[in-house]
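Given next are the chains, with one letter for each unit.
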Amino acid sequence: MTQEKYPYTEPILSVNDLRVSFKTDEGLVHAVRGVSFTLNKGETLCIVGESGSGKSVTSKTIMGILSASAVIESGSVMYGGEDLTKIDESEFHRIRGHKIGMIFQDPLSSLNPIMKVGKQITEAMLVNKNKMARMLDDLISKEEASYKNAKVRKTQTIIRAQGEVLESDEFYDKEIRELDNQIGEKKNDFEMKKIKNASLIQEINATAGKDDKSKAAAQQKADSQNKVNKAEEEALKAEIAQLIADNEKKIVELKKEKKEKHQTLEAKYREAKKAAKSLYKKEAPVLKKALKDKKKAAKAEIKQFKKDQAVKYAQQQSAFKDEKIKLDETCGKELKDLQASYSSAPSKALAKQAITKKQNEYDGRLKDINARQEQAHDDYVGIFKVTKKAAKATALRVMKEVGIPQPEVRYNQYPFEFSGGMRQRIVIAIALTANPEVLICDEPTTALDVTIQAQILELINRLKKERNMSIIFITHDLAVVANMADRVAVMYAGKIVEVGTANEIFYDPRHPYTWALLSSIPDIDSHEKLEAIPGTPPYLLNPPKGDAFAARNKYALAVDFKEEPPFFRISATHYASTWLLDKRAPKVNKPKIVSQRIKASLERAGVTNESEL
Ligand SMILES: Nc1ncnc2c1ncn2[C@@H]1O[C@H](COP(=O)(O)OP(=O)(O)OP(=O)(O)O)[C@@H](O)[C@H]1O
Ligand SMILES: [Mg+2]
């Protein structure tokens, strides 16, 4: 296949080796296990995979809205030179909902049922009223992040080193406890044995009859049992003594080892603490000064900006004044002349008509100037802060943009007065008011019926083009992917297993999981769902070794169960993580059903020769 030139190449957001787990009663659930991808400016990247593959956890990490039990174990989310996993809450607000917007699956749960939709749309805009403060925050964000990060780094280094000491102590304490427990258990066994033996004797004694002979027999039996018992008990006693001696020796050794380890680690910890502190001491003033300088420069920049705006505004206002003077001098004067000549006009009716016409012209032009003047005033005020009036105007504009008829009426209605599709449009409108650069859509149409779904998808596609947004679109539905994606990342069990342009994934899939997904979608012509993927995804409490899909993969090789496959490069935009792409692997063709479907859809598209792609 000839290589198409992929048009989107300017990275705007990148996720790097992200690992996210959840603390549960059973242990850590490894939901996202080393995910990396880049989102380019203006593209739609679809993330597709079965339920539970980690799609939402990935998007929630980007948005900074993970639940409290989540742990970001490693990795970064880089956006605008900042790592979104590291920045603090207040800084995140600047980005979340502003630079990066998100739309969820269920539009009802993202709307407040008892608030009019208009207010819900304007609310977010009015929260951050002061635009100049936000501008300052934006201007100094990098320097502020560096300064704060230095402190975080220092604390983290110290805590980590301290953690090593505690961990080591805990390890030895546990070992020592274990040895103590062994002794306790053995002693328990001994006591149990004694009770059991005593009851054995009792049982024998109970068999003794009244006569001497039977008494003697029982006695004899009891005596011999007693001997066995004693021997057993002696042996156990010796065993306990040996165990105590052994374990005590081991405990002494362990305690010694613990102490030594503790001292070494404690020294290391003190060293690390000292180093971290001294690094911070060195770094902090530099970073602090950089922040201070940047703040000063930013303030000056804002001051200049305000001044420029004020000058521009004054110029505009004086231009309007001039325009009005000119109107008076031309149209106004003409009107006066007409009025003055009315008494001498040959036809009063014609003269009256001419006056009315001129009067209307004059009024119309004046009204137009006044309207523009008022708009200029609103615009000027709007530069510095969001007014209620401006917020409402934006809300109405965006409502119209997302295809809500009669926005003025709808503005004052409650969510329950809207259909599901219209509600999702409102949610999209809310996300758009901030004019986000990146929009994350997590299954935004799953709750809608098919025709409405198609409309919403079309809307998102249109908005993306008009606003030049970059979109991460999450879905489990390959049919939706086909309608939306410029690029596709296929996710399985917390990892991306294949990534490529939409054409590469649909016409040249390489990972057996992608094959399985493609074979499971209903056929376009027959609508028949062909092959369900056998089995279920692995439980992420103990993710399998090797390729997580191996157990469900009929093409799995022995190595798939042992070793994780690396990413193999197929083209500059196409990568897949499967051992089938290794040079040593046997040649495996994609399933017939997949190649048949590819052929059929290529034919439908009028491509008869694959190399034309
Ligand atoms: N709060 C949580 N506590 C424990 N485990 C969680 C939590 N949230 C998600 N998980 C687990 O993380 C894994 C990934 O979940 P995620 O919601 O990202 O899946 P998904 O790909 O979005 O699936 P779906 O298509 O069903 O939305 C799942 O195994 C899930 O059980
Ligand atoms: Mg999800």
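Residues numbered from 1 in each chain as written. Chains lettered and ligands numbered in written order. Predicted model: local features only at pLDDT ≥ 70, side-chain atom pairs only at ≥ 80, totals over all residues. Heavy atoms only, no water.

Student: Could you clarify how one ought to interpret the layout of surface pockets in this entry?
Tutor: Counted as a void, the largest pocket has a volume near 1,400 Å³. For the largest pocket, the lining is made up of 48 residues, of which A124, M125, I430, T433 and A434 are closest to its centre. Examining the composition of the lining of the largest pocket, we find that seven residues originate from one element, helix α7 (residues 388-401), more than from any other. The class makeup of the residues in the lining of the largest pocket is 21 nonpolar, 14 polar and 13 charged. (1 Å grid on protein atoms, 1.4 Å probe; cavity = no way out; pocket = protein on both sides within 12 Å on 5 of 7 lines; lining within 4 Å. Points joined across faces, edges and corners; volume = space filled by probe spheres on them. Helix = DSSP H or I, 4+ residues; strand = E, 2+ residues; numbered from the N terminus. Nonpolar A, V, L, I, M, F, W, Y, C, P; charged D, E, K, R; others polar.)

Student: Mind showing me how you'd approach the sheet that holds strand β2 (residues 27-40) here?
Tutor: Sheet strands pair via backbone hydrogen bonds, and the direction of the pair is either parallel or antiparallel. Sheet architecture is open: four strands sit in the order β2-β1-β4-β5, paired in antiparallel fashion. Edge strands, defined here as strands with exactly one partner in the open sheet, are β2 and β5 (82-83). (Pairing = 2+ DSSP bridges.)

Student: For this particular structure, what's the right way to read the packing of helix α4 (residues 131-207) against helix α5 (residues 212-340)?
Tutor: For any two helices packed against each other, the geometry comes down to the angle between their axes and how far apart the axes lie. Between α4 and α5, the shortest axis-to-axis distance is 6 Å and the interhelical angle comes to 175°. Viewed along their axes, α4 and α5 adopt a mutual orientation that is roughly antiparallel. (Axes fitted to C-alpha atoms, helices over the stretch in contact; angles between N-to-C directions. Parallel < 35°, antiparallel > 145°, perpendicular 65-115°, else oblique.)

Student: Sorry if this is basic, but what is going on with the pairing of strand β10 (residues 495-501) here?
Tutor: A regular strand places its side chains so that they alternate between the two faces of the sheet. Burial analysis of β10 places seven of its seven residues in the buried class, which makes it a mostly covered element. Here strand β9 (residues 487-492) runs beside β10; their pairing, made up of six bridges, is antiparallel. In the sheet register, A489 faces β10, and the bridge partner there is V499. Where β10 and strand β12 (residues 575-576) come together, two bridges link them in antiparallel fashion. If you follow V499 over to β12, its bridge partner there is Y575. (Buried < 20%, exposed > 50% of the residue type's maximum accessible area, 1.4 Å probe, protein only.)

Student: Mind showing me how you'd approach a positive patch on the surface here?
Tutor: On the surface, K151, K288, K292 and K296 cluster together into a patch of positive charge. The leading source of residues in the positive patch is α5, at three residues. With respect to the secondary-structure elements, K292 resides in helix α5. A relative accessible area of 63% means that K292 is categorised as exposed. (Patch = residues over 30% accessible without salt bridge, like charges linked within 9 Å, V, L, I, M, F, W, Y side chains within 5 Å. Areas by Shrake-Rupley, 256 points an atom, 1.4 Å probe, with all protein chains shown as cover. Salt bridge = Lys/Arg side-chain N within 4 Å of Asp/Glu carboxyl O. Lys, Arg positive; Asp, Glu negative; His and termini not counted. Charge placed at Lys NZ, Arg CZ, Asp CG, Glu CD.)

Student: How do you make sense of the nonpolar core when you look at a structure like this?
Tutor: Nonpolar side chains in soluble globular proteins tend to end up buried together. Core analysis: the biggest nonpolar cluster contains 102 residues, and L13, F37, I62, I100, I428, I472 and F473 have the highest contact counts within it. Residue contributions to this core peak at seven residues, all from helix α9 (residues 420-433). The contact partners of F473, leaving out residues within four places of it in the chain, are T44, L45, C46, I47, C441, P444, L457, I460, V480 and M484. Counting residues in each nonpolar core, the second largest holds seven residues, with M132, I140, L291 and F384 among its members. (Core = buried A, V, L, I, M, F, W, Y, C linked by side-chain atoms within 4.5 Å. Contact = heavy atoms within 4.5 Å.)

Student: Which parts of the structure should I look at to understand the environment of I62?
Tutor: The topology assignment puts I62 in helix α1 (residues 55-63). If sequence neighbours within four positions are ignored, I62 has contacts with L13, V15, F37, V77, L84, F92, I100, I440 and I472.

Student: I tried to follow the sheet that holds strand β3 (residues 44-48) on my own but got confused; where do I start?
Tutor: Strand order in this open sheet of eight strands is β6-β7-β8-β3-β9-β10-β12-β11, and the pairing throughout is mixed. Of all the strands in the sheet, just β6 (100-103) and β11 (568-569) have a single pairing partner and so form its edges. Strands β3, β9 and β10 of the sheet are contacted by helix α13 (residues 512-520), whose axis makes an angle of about 100° with β9.

Student: Hey, could you run me through the site of ligand 1 in this one?
Tutor: Taken together, 15 residues lie near ligand 1, and S51, G52, K55, S56 and V57 sit nearest. Here an oxygen atom of ligand 1 and a backbone polar atom of G52 are 2.8 Å apart. Between ligand 1 and S56, the relevant distance is 2.8 Å, taken from an oxygen atom to a side-chain nitrogen or oxygen of the residue. Protein burial of ligand 1: of its 630 Å² of free accessible surface, 66% is covered by the chains. Within the residue set of the shell around ligand 1, elements represented by two or more residues are β1 (11-24) and α1. Examining the composition of the shell around ligand 1, we find that three residues originate from one element, α1, more than from any other. (Near = heavy atom within 4 Å. Polar contact = N/O pair within 3.5 Å; in protein donor to acceptor, adjacent residues only side chain to side chain.)

Student: Please clarify how the side chain of R33 should be interpreted in this entry.
Tutor: One can find R33 in strand β2. It turns out R33 is buried and unbridged, and the closest side chain with the opposite charge, E564, is 5.8 Å from it. Of the polar contacts made by the side chain of R33, one reaches the backbone oxygen of A493; its length is 2.8 Å. Each residue touching R33, except ones within four places of it in the same chain, is listed here: L18, R19, A493, G494, K495, L540, P543, P544 and A548.

Student: Sorry, what's going on with the packing of α13 against helix α14 (residues 592-604) here?
Tutor: For the pair α13 and α14, interaxial distance at closest approach is 9 Å and the crossing angle is 65°. Where α13 crosses over α14, the two elements pack in a sense that is left-handed. Here α13 contributes W515, L518 and S519 to the contact with α14, which in turn contributes I593, V594 and R597. Of the residues contributing to the contact of α13 with α14, the split by class is four nonpolar, one polar and one charged. (Left-handed = near helix turned anticlockwise from the far one by under 90°.)

Student: Whenever I open this one, the packing of aromatic side chains confuses me. Can you help?
Tutor: Here the distance between the centres and the angle between the planes together describe a pair of aromatic rings. Taken as a whole, this structure holds ten aromatic pairs when the rule is applied. Where F171 meets Y172, the ring centres are 5.2 Å apart and the plane angle is 80°; that geometry is what we call edge-to-face. Assessed through its relative accessible area of 47%, F171 is described here as partly exposed. Note on Y492 and F549: the rings are 5.1 Å apart at their centroids and 80° apart in plane angle, and the pair reads as edge-to-face. Of this pair, Y492 sits in strand β9 while F549 sits in the loop between α13 and β11; the two residues are 57 residues apart in sequence, bridging distant segments of the chain. Aromatic ring contacts, followed pair by pair, group Y313, Y380 and F384 into a single cluster. Geometry around Y342 places K348 over its ring, the cationic atom sitting 5.3 Å from the centre. Lying across the ring of Y411, K392 places its NZ or CZ 4.7 Å from the centre. (Phe/Tyr/Trp six-rings, centres within 6.5 Å; stacked < 30°, edge-to-face > 60°. Lys NZ or Arg CZ within 6 Å of the ring centre and 35° of its normal.)

Purely spatial values, then, with no claim about function.
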